[in-house]
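Results of the structural survey
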Amino acid sequence: MTHREEHRFDVWTAGAGYERYMGRWSRPVAERFTAWLGLPGRLRWLDVGCGTGGLSAAVAARCRPREVLAIDRSPGYAAWARDAATAGTHVVVADATALPVRDGACDAVVSGLTLNFLNPPAAAVAEMVRAVRPGGLVAAYVWDYAEGMDLLRLFWDAAVLADPSAAALDERRRFPSCRPEALRALWTRAGLGEVSVVPIEVPTVFADFANLWEPFLTGQGPAPGYLAALPAAGRERVRDALRGAVPYGPGGSVALTARAWAVRGRRAG
């Protein structure tokens, strides 16, 4: 399967759908990520691939920035982020491989849950390094598709059980760069120093299976995009396989963990 074919289900258009699907988990990760960075206030931040604005919101709320520029290539997501932005945060539509800032304009350049969707990711990291001042920080985080993002791990295992052809779309296979060794190598090859990689985990608790399943019907992102393209009978087979695989707790609740890998490094100088 070609790179283009793999990405045919990666739908990023409706901010409300993404918020129901992943926003409630990505925002706590963004808060822990910004705390881990430990940067002082009054900095100029650039958020690359801001999506619906979760990371930009965490920076604005926790980091006392001088200003935040958030960019995303999806007009729909940028509009959602812009509507939710607080004073001092500016959202524009732009591409991660052609950032609309001059060399060294920013004190910190960050990216949340986006790097693996950029092809090639090294080009985007090179642009992030270009945009940060000497001594500035470049940092990002991605889901641990291989092991620690339980929701997606269970979904793709169920999808492959119901539809073996889904194996080619499994994010664990598609995104091998979302591992600590690969992230460290990517940052090091970009010329960044003091490189550090850590896991960030947040609990993902669902009231019942319906609460877990409904966000997969939003059509936003690889798994929902794949599901939306299936006929009704195919979706039911995946739903039934997933229903039989998730761990149930009291009252039918489902408690999972979402783990991301975070990486940071400094530009020389």
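Read on for an overview of the structure. Bear in mind the structure is a predicted one, so any value in this text is a computation, not a measurement. (Residues numbered from 1 in each chain as written. Predicted model: local features only at pLDDT ≥ 70, side-chain atom pairs only at ≥ 80, totals over all residues. Heavy atoms only, no water.)

**Considerations on the pattern of salt bridges**
What the rule picks out here adds up to 15 salt bridges. The partner of aspartate 144 in a salt bridge is arginine 179, and the shortest N-O contact between them spans 2.9 Å. Here arginine 179 lies in the loop between α7 (171–174) and α8 (180–189) and aspartate 144 lies in the loop between β5 (132–143) and α6 (150–162), a separation of 35 residues in the sequence. Looking at aspartate 144, the relative accessible area reads 0%, which means it is buried. Two residues, aspartate 170 and arginine 153, come together in a salt bridge whose shortest N-O distance is 2.7 Å. One end of the pair, aspartate 170, is in the loop between α6 and α7; the other, arginine 153, is in helix α6, and 17 residues separate them in sequence. Neither residue differs from the other here; aspartate 170 and arginine 153 are each classed as buried. Beyond isolated ion pairs, a larger network of salt bridges with shared partners links Asp144, Glu147, Arg179, Glu201 and Arg259. (Salt bridge = Lys/Arg side-chain N within 4 Å of Asp/Glu carboxyl O. Helix = DSSP H or I, 4+ residues; strand = E, 2+ residues; numbered from the N terminus. Buried < 20%, exposed > 50% of the residue type's maximum accessible area, 1.4 Å probe, protein only.)

**Points about the packing of α6 against helix α11 (residues 232–243)**
Contact geometry of α6 with α11 gives a least axis separation of 8 Å together with a crossing angle of 125°. Viewed along their axes, α6 and α11 adopt a mutual orientation that is oblique. In the packing of α6 onto α11, the handedness of the crossing is right-handed. For the pair α6 and α11, the contacting residues are Leu154, Phe155, Ala158, Ala159, Leu161 and Ala162 in the first and Arg237, Val238, Ala241 and Leu242 in the second. (Axes fitted to C-alpha atoms, helices over the stretch in contact; angles between N-to-C directions. Parallel < 35°, antiparallel > 145°, perpendicular 65-115°, else oblique. Left-handed = near helix turned anticlockwise from the far one by under 90°. Contact = heavy atoms within 4.5 Å.)

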